[in-house]
Amino acid sequence: MSIDFHSKLNRHTYDSRDASADWVQAVTQLVEPDDRRIADVGCGGGIYSEAWLNLGAQAVFGIDFSAQMVAAAKARLKDYPQASISQGDACATGLPADCVDVVFERALIHHLDSYEGCFAEAKRLLAPGGLFLIQDRTPADVEAAASTEHLRGYFFECFPRLLEIERGRRPESVTVENALRKAGFTQITTRTVWETRKTYGGFDELARDLAARTGRSILHELSDSELQKLIAYIQTRLPDNGPIVEKDRWTLWASRSMN
């Protein structure tokens, strides 16, 4: 089974943490957010929309295709008048042309069958010289060895079929770069970042997060009994006590719109 982004049961699966300092450092090396207008396409529960605002963005337009995600993001950002959250498609956001300085798409493109419409829409939204910033995992990212920080690697050790699913849905970097060029983007750069996902006080807290499949769509491929087996498997590979710092490896693609 795959995650149902439209289910009320999953409304809060992508709004229960904050963007990390690792992420802030990575994106601020690529763009100065202060006074910038940001389109957060595929905003989920608004974690990164809020992060952009806290970095000084002038305005953030969060777009998601799920009414449940939109509701969660609106609740999270209710105290930010600079935030505008609405339902829309990555290929048809409903926003006007040339309206933003940055289009940000995190963990979105691996859900798409084709990049053409999405990238064309990003180009339409960007003011001349604007930045298109994509964050997703490549097959090389998901194949990183398991460790006491890279917990996702244990998913694939325990259930190798999950790794095959991930390999099949994750984009090769060269494929993304070629699609960006075809869409008319220039100055394309890529970099890898280890982003701290969350710090847990101990294993019990992590186990609850895993059992709820919080923010991990790949875990929806497991039955409840398989998920309990995975949790037990991970427990045997972690220290008996103390905090657990979970990190994931991502690729960032940055490119410019010169239209």
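Note: the structure precedes this text.
Because the structure is a prediction, the values reported are computed rather than measured.

S.K.: Residues and numbers for the overall build of the chain, please.
M.R.: When helices and strands are counted, the chain shows 10 helices and 7 strands. Relative to a compact globule of 259 residues, whose C-alpha radius of gyration would be 18 Å, the chain shows 18 Å and is just as compact. Taken over the C-alpha atoms alone, the chain extends approximately 55 × 40 × 30 Å along its principal axes. When the 259 residues of the chain are sorted by exposure, 53% land in the buried category. Residue pairs at least 24 apart in sequence account for 76% of intrachain contacts in the chain once pairs closer than 6 positions are excluded. Taken as a whole, the chain presents about 11200 Å² of accessible surface, with 49% of it coming from carbon and sulfur.

S.K.: I'd love a proper account of helix α4 (residues 116–125), names of residues and values included.
M.R.: What sets the pattern is the α-helix's 3.6 residues per turn: residues three or four places apart point alike. Of the positions making up α4, those classed as buried are Cys118, Phe119, Glu121, Ala122, Lys123 and Leu125. On its buried face, α4 is in contact with β1 (37–41), β4 (100–106), β5 (126–136), α8 (173–182), β6 (185–200) and β7 (244–257).

S.K.: Talk me through helix α2 (residues 47–54); I want residue IDs and the actual numbers.
M.R.: Most of α2 sits out of view: 7 of its 8 residues are buried. Looking only at α2, the buried set comprises Ile47, Tyr48, Ser49, Glu50, Ala51, Trp52 and Leu53. Glycine 56 sits one or two positions beyond α2 and adopts a positive phi of about 105°.

S.K.: Quick one: what's the story with the pattern of salt bridges, residue by residue and with numbers?
M.R.: If you walk through the whole model with that rule in mind, you get 22 salt bridges. A salt bridge links arginine 249 to aspartate 141; the nearest nitrogen and oxygen atoms lie 2.7 Å apart. Residue arginine 249 is located in strand β7, and its partner aspartate 141 is located in helix α5 (residues 139–142); the two are separated by 108 residues in the primary sequence. You can call arginine 249 partly exposed: its relative accessible area is 22%. For aspartate 141, a relative accessible area of 1% corresponds to the buried category. One salt bridge connects arginine 152 with aspartate 248, and the closest N-O pair in it is separated by 3.4 Å. Of the two residues, arginine 152 is situated in helix α6 (residues 152–158) and aspartate 248 in strand β7; the sequence distance between them amounts to 96 residues. Comparing arginine 152 with aspartate 248 shows no difference in burial state: the two are buried. Among the charged side chains, a salt-bridge network with shared partners connects Arg197, Lys198, Asp209, Arg216 and Glu246.

Conventions adopted
Residue indices begin from 1 for each chain and proceed along its sequence in written order. The model is predicted, so local features are restricted to residues of pLDDT at least 70 and side-chain atom pairs to those at 80 or more, both for listing and for counting; the totals for chains, interfaces and linings are taken over all residues. Each side-chain value is derived from all of the structure's non-hydrogen atoms; neither hydrogens nor water enter the calculation. Here a strand is any run of E in DSSP of at least two residues, a helix any run of H or I of at least four, and the numbering for each starts at the N terminus. Computation of the radius of gyration draws on C-alpha atoms, with the globule rule given as 2.2 Å multiplied by the number of residues to the power 0.38. For every residue, the accessible area obtained with a 1.4 Å probe (protein chains only) is divided by the maximum for its type, and the residue is called buried under 20%, exposed over 50%, and partly exposed between those limits. Contacts between residues were defined by any pair of non-hydrogen atoms, one from each residue, lying within 4.5 Å. Reported accessibility uses the Shrake-Rupley method at a 1.4 Å probe radius. Residues are deemed covered only where the shown protein chains occlude them. Only one rule defines a salt bridge in this text: a Lys or Arg side-chain nitrogen within 4 Å of an Asp or Glu carboxyl oxygen.

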